[in-house]
Amino acid sequence: MIDLGFSKGLTEFAANQQGSFFVYDLDALSDHIANLQNDHIKLWFAVKANPLSSVIQTLDRQGMNFDVASVGELEQVLAQGIRPQRILNTGPAKSAQQLALFLQRGVNTYVVESINQLKLLNQLAESVDFKPQVLLRVQLRFDDDGDNPLGGNSLTPFGLGIDEWSEIDLADYSKVDVVGLHIFQWGNMLDGAKLISLWQQMITPLKALALTLNFEFKVLDLGGGLGIPYAGEQTKLDWATLVAALNIIKQQANVNELWLELGRFAVGEYGHYLTKVVDRKINYQQQMLVLEGGINHLLRPAITAQPFPVQLLRKSDGDFEPFHLHGPLCTSLDKLGVLALPNDVAIDDHLVFSQCGAYGFTEAMPFFLCHSLPAEVIYQAGEFKVIRPTQPASSYLF
Ligand SMILES: Cc1ncc(COP(=O)(O)O)c(C=O)c1O
């Protein structure tokens, strides 16, 4: 059972709420971010994980900086009053229009993912009165392979290999200041020792590249990839162990600054998704629940085959049984898992899915079949507040 610190109030709140919703525990999130802060690592929040205004504001109050990967994310962060100097731009699809806008808005840190991006940024930088600082994004190949959402060893558009970067002459890019390297190939890692080992393996080739290109290697950005447990038997990463290892890596790489762009690890554990049971049936001797919301609100189980942990909102003394949990879409992909629930679960009961604070609302496929959009609710200082009310299909259909 996941401890929902605010579950008493949540039952009452959910009873009066129309439709499915996400709820974010901002007090707990704030404490978590405060605990992550330390003197060795500069922390950026990967906004793609959760761009809700109040999440950004909470992280801002705890001193996080912001990694944005689109114009939409940039404008959302700026709208929360964040200064452009605390924003960096990542992403493989930076058009000339996008880069020009970022420069115009005053963003001065760029993770450059291709030679064209470097050329474009260098050209466009002529029109601003500051020299953008650049990190070149590098892809490496490791002995230790495995499937991974960020690509692992496979070919991805995220950056370039050492050979490709080695071809450039930085003298051709005098309008930008190349200060470091960025590398990030492994997502949702829960094995701390493997993560540290991968980071360590990066140091030698990255230092060699900096030497080849003849720039002072001041910043090493290791991206994100720190996982959170989605299944009961998984254990959390130990942050203190990672910080100690990263501090050694920082010294070995001989850089002034070590950066992480945290998404899932920053916000994942502080969001929950609530939806109602619409139908219950036995089909081919299997217990099945059909829910109001499925992958139209929460896509991750369909793309990773990994369910979010679930529990019944109300108390029950029923014995636990496995239930096949399906959403409302006309595809068998719309399945949130086969998970244990009390056997008295019934139509109109609320289910609470946890670990949904990252890659939830904005990662889903909400338009298919024209269902309502879920609401987004915050829990702060003991109160629930609806930030985004649920919206019917008429709000997005033309
Ligand atoms: C460039 C970049 N940085 C950071 C992140 C955040 O990753 P995570 O959620 O694993 O921390 C992502 C996620 O895709 C990313 O693309």
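Look a little higher up for the structure.
Please read these numbers as outputs of a predicted model, since none were measured by experiment.

Each value, and the rule that gives it
Residues numbered from 1 in each chain as written. Predicted model: local features only at pLDDT ≥ 70, side-chain atom pairs only at ≥ 80, totals over all residues. Heavy atoms only, no water. Near = heavy atom within 4 Å. Polar contact = N/O pair within 3.5 Å; in protein donor to acceptor, adjacent residues only side chain to side chain. Areas by Shrake-Rupley, 256 points an atom, 1.4 Å probe, with all protein chains shown as cover. Nonpolar A, V, L, I, M, F, W, Y, C, P; charged D, E, K, R; others polar. Axes fitted to C-alpha atoms, helices over the stretch in contact; angles between N-to-C directions. Helix = DSSP H or I, 4+ residues; strand = E, 2+ residues; numbered from the N terminus. Parallel < 35°, antiparallel > 145°, perpendicular 65-115°, else oblique. Contact = heavy atoms within 4.5 Å. Buried < 20%, exposed > 50% of the residue type's maximum accessible area, 1.4 Å probe, protein only. Right-handed = clockwise from strand over helix to strand, strands pointing away. Pairing = 2+ DSSP bridges. Core = buried A, V, L, I, M, F, W, Y, C linked by side-chain atoms within 4.5 Å.

Give me the site of the ligand: which residues, what numbers.
Residues in contact with the ligand amount to 13 residues; listed here are only the nearest, Gly225, Glu261, Gly263, Arg264 and Tyr359. The separation between an oxygen atom of the ligand and a polar main-chain atom of Gly263 is 2.8 Å. Here Arg264 contributes a backbone N or O atom positioned 2.8 Å from an oxygen atom of the ligand. Its free accessible area being 390 Å², the ligand has 91% of it covered by the protein chains. When its residues are assigned to classes, the shell around the ligand shows four nonpolar, four polar and five charged.

Explain the packing of helix H8 (residues 192–213) against helix H9 (residues 239–253) residue by residue, including any values.
Running from amino to carboxyl end, H8 crosses H9 at an angle of 10°, the nearest separation of the two axes being 10 Å. For the element pair H8 / H9, the angle class is roughly parallel. Two secondary-structure elements touch here, H8 through Gly192, Leu195, Ile196, Trp199, Gln200, Ile203 and Lys207 and H9 through Thr241, Leu242, Ala245, Leu246, Ile249, Gln252 and Ala253. Of the residues belonging to the contact of H8 with H9, the class tally is nine nonpolar, four polar and one charged.

I'd like a description of the pairing of strand S5 (residues 109–112), backed by residues and values.
Residues Thr109 and Val111 of S5 are buried on one face, and the alternating residues Tyr110 and Val112, pointing to the opposite face, are buried as well. With respect to chirality, the unit in which strand S4 (residues 87–89) leads through helix H5 (residues 96–104) into the neighbouring parallel S5 is right-handed. As defined by bridge partners, S5 adjoins strand S6 (residues 133–139) across four bridges and the pair is classed as parallel. Residue pairing across strands places Tyr110 opposite Val134, the latter belonging to S6. Considered for its hand, the β-α-β crossover made up of S5, helix H6 (residues 115–124) and S6 is right-handed.

Now, about the nonpolar core: what can you tell me, with residues and values included?
Most often, soluble globular proteins keep nonpolar side chains buried together rather than apart. Among the nonpolar cores identified, the biggest contains 105 residues, and Trp199, Trp239, Leu325, Leu351 and Phe353 are the most heavily contacted of them. Here this core takes 10 residues from H8, the largest share from any one element. If near-sequence neighbours (up to four positions away) are discounted, Phe353 is found in contact with Gly271, His272, Tyr273, Thr275, Leu291, Leu298, Phe308, Pro309, Val310, Leu325 and Leu336.

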